[in-house]
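# Structural overview for review
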Amino acid sequence: MTTELELDQRPLRDAARKFLDHYASSAQVHQIACSTPSLDRTYWSAAAELGWTSLLVPENAGGGSISGRPFADVAVLAEEAGRHVAPGPLVPCNVVAWVLSRDDAEPTGDALSSVLDGSAVAAWSLVEPGSGWDPDAVAVRATRAPGGHTVTGIKTVVEAAPDADVFLVSARDEDGVGLYLVDRSAPGVAVTPKRGLDPTRGFGTVEFATAPATKVAGGDAGRRISESAYCAAIAIQTAETASLMRHVFEITLDWVTKRYAFGRVVGSYQAIKHRLAEHYLALEVATGAAAGLATALDEGSPEASALASAAKAYIGDAAVALVQDAIQLHGGIGMTWEHDLHLYLRRASTNRVVYGDPAAHRERLCRLAGV
């Protein structure tokens, strides 16, 4: 990022940090982790008022970017979310809002405005039992019906499903892969909450039994938007994970420079220095990869898909390795429930697999390269 852009984004970062210091302090996140994941609607409405759901949406649709680079702006929010291990549907709400606001998407009434003001939580239903995360790997069916369409099938690992008011569903129709909007209150919609490794975020399985749906996009536009939405979700997630890595590295560096063992500062041992140097290199690469992906999306680069898979493949493994080693470097205290490190490991491990694990993205890179 340029210096000018950083200055433009600094108020956004400071406001997000202050907000999360209040709503997602260490004590509050631990309290959430000890209970059933449920979104605090007061918290999410306040976040929406700060623009957390509207940065990817054009001004004429009710949103607006701070710097003129919407993906770079939402990455700032994601970085603070990673730093705090913050709860909330930041990724799905932004992705759905961005899809609904696109010029090549069909009008969907008040759905977009409800997501923007925080009165409705949106979830993107992409992956299915037994399938991968690729946007083309869709078997759920959408069929024409009197007055619109219906959707039939099962979606799993749906982030924010337990709290969602509306679902953006990737479904196969007569023209290929399309995107459909389904209200949670519609007949034929059943949500089964699933507790995941990250206790601060809710996931679930959603079954659509001939549920009424509104078509958002289909045909070539549907496939194009699905691919772009996939890259957008990865961009927000990788920005969050890279920031998580930086925060864990910083608290670990602070720990090893103050902790003594056998009469010496732990960080003075050569073996520790080598491990920290390797993690710092991985951290810088991860930060650059996440920033490069955001830039590619802001510029409409045709390389965005490849950059998304490259960033996801690298950051997924590097983040888990860094946090796991940070726990080891902290010694016994790093293994306790009261310490924050396990929360960062849970978030990093969850992010590693949601939207595809590193192995899947390495294979995807090969396909994109024609190998």
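Fair warning: this is a prediction, and the values are worked out from it, not measured in the lab. (Residues numbered from 1 in each chain as written. Predicted model: local features only at pLDDT ≥ 70, side-chain atom pairs only at ≥ 80, totals over all residues. Heavy atoms only, no water.)

Attention now moves to the environment of valine 182. Relative to the helices and strands, valine 182 is located in strand β5 (residues 176-183). Considered as a pair, valine 182 and aspartate 254 are 72 residues apart in the sequence and their alpha carbons are 48 Å apart. Apart from residues lying up to four places away in sequence, valine 182 is in contact with Val151, Val166, Phe167, Val169, Val189, Phe208, Ala211, Pro212 and Ala213. (Helix = DSSP H or I, 4+ residues; strand = E, 2+ residues; numbered from the N terminus. Contact = heavy atoms within 4.5 Å.)

In this structure, the second largest pocket spans a volume of roughly 340 Å³. Lining of the second largest pocket is provided by 21 residues; of these, Ile32, Ser38, Leu39, Asp40 and Pro87 occupy positions nearest its centre. Taken together, the residues of the lining of the second largest pocket break down into 9 nonpolar, 8 polar and 4 charged. (1 Å grid on protein atoms, 1.4 Å probe; cavity = no way out; pocket = protein on both sides within 12 Å on 5 of 7 lines; lining within 4 Å. Points joined across faces, edges and corners; volume = space filled by probe spheres on them. Nonpolar A, V, L, I, M, F, W, Y, C, P; charged D, E, K, R; others polar.)

Here the phi dihedral of valine 157 falls at roughly 50°; this positive angle occurs in a residue that is not glycine. Residue position: valine 157 is located in strand β3 (residues 148-159). Judged by its relative accessible area of 35%, valine 157 falls in the partly exposed class. Although it is not a glycine, threonine 210 sits at a positive phi angle of roughly 50°. (Buried < 20%, exposed > 50% of the residue type's maximum accessible area, 1.4 Å probe, protein only.)

Moving on, we come to the pattern of salt bridges. Applying the stated rule across the entire model yields 23 salt bridges. With a closest N to O distance of 2.4 Å, arginine 347 and aspartate 198 form a salt bridge. One end of the pair, arginine 347, is in helix α10 (residues 341-353); the other, aspartate 198, is in the loop between β6 (189-194) and β7 (203-217), with 149 residues separating them in the sequence. No difference in accessibility class separates arginine 347 from aspartate 198, as the two residues are buried. Between lysine 258 and aspartate 254 there is a salt bridge whose closest N-O contact spans 3.1 Å. (Salt bridge = Lys/Arg side-chain N within 4 Å of Asp/Glu carboxyl O.)

Glancing now at the UniProt feature "domain: Acyl-CoA oxidase/dehydrogenase middle" (unreviewed entry) in the chain. The sites that UniProt annotates as "domain: Acyl-CoA oxidase/dehydrogenase middle" (unreviewed entry) are residues 126-205. Helix makes up 0% of residues 126-205 and strand 52%, with an end-to-end C-alpha separation of 11 Å. (UniProt positions renumbered as here; feature names shortened; annotations may be inferred.)

The next point concerns the environment of isoleucine 327. Of note, isoleucine 327 is situated in helix α9 (residues 304-330). Isoleucine 327 gets classed as buried once you look at its relative accessible area, which sits at 9%. Expressed as a C-alpha distance, the spacing of isoleucine 327 and glutamine 28, which sit 299 residues apart in the sequence, is 21 Å. In this structure isoleucine 327 touches Gly334, Met335, Leu341 and Leu345, once residues within four positions along its chain are discounted.

Put simply, helix α8 (residues 270-298) and α9 touch, their axes get as near as 9 Å, and they point 150° apart. Classified by the angle their axes make, α8 and α9 are roughly antiparallel. Once α8 is placed against α9, the crossing between them reads as left-handed. A breakdown of the residues in the contact of α8 with α9 according to their chemical character gives 20 nonpolar, 3 polar and 2 charged. (Axes fitted to C-alpha atoms, helices over the stretch in contact; angles between N-to-C directions. Parallel < 35°, antiparallel > 145°, perpendicular 65-115°, else oblique. Left-handed = near helix turned anticlockwise from the far one by under 90°.)

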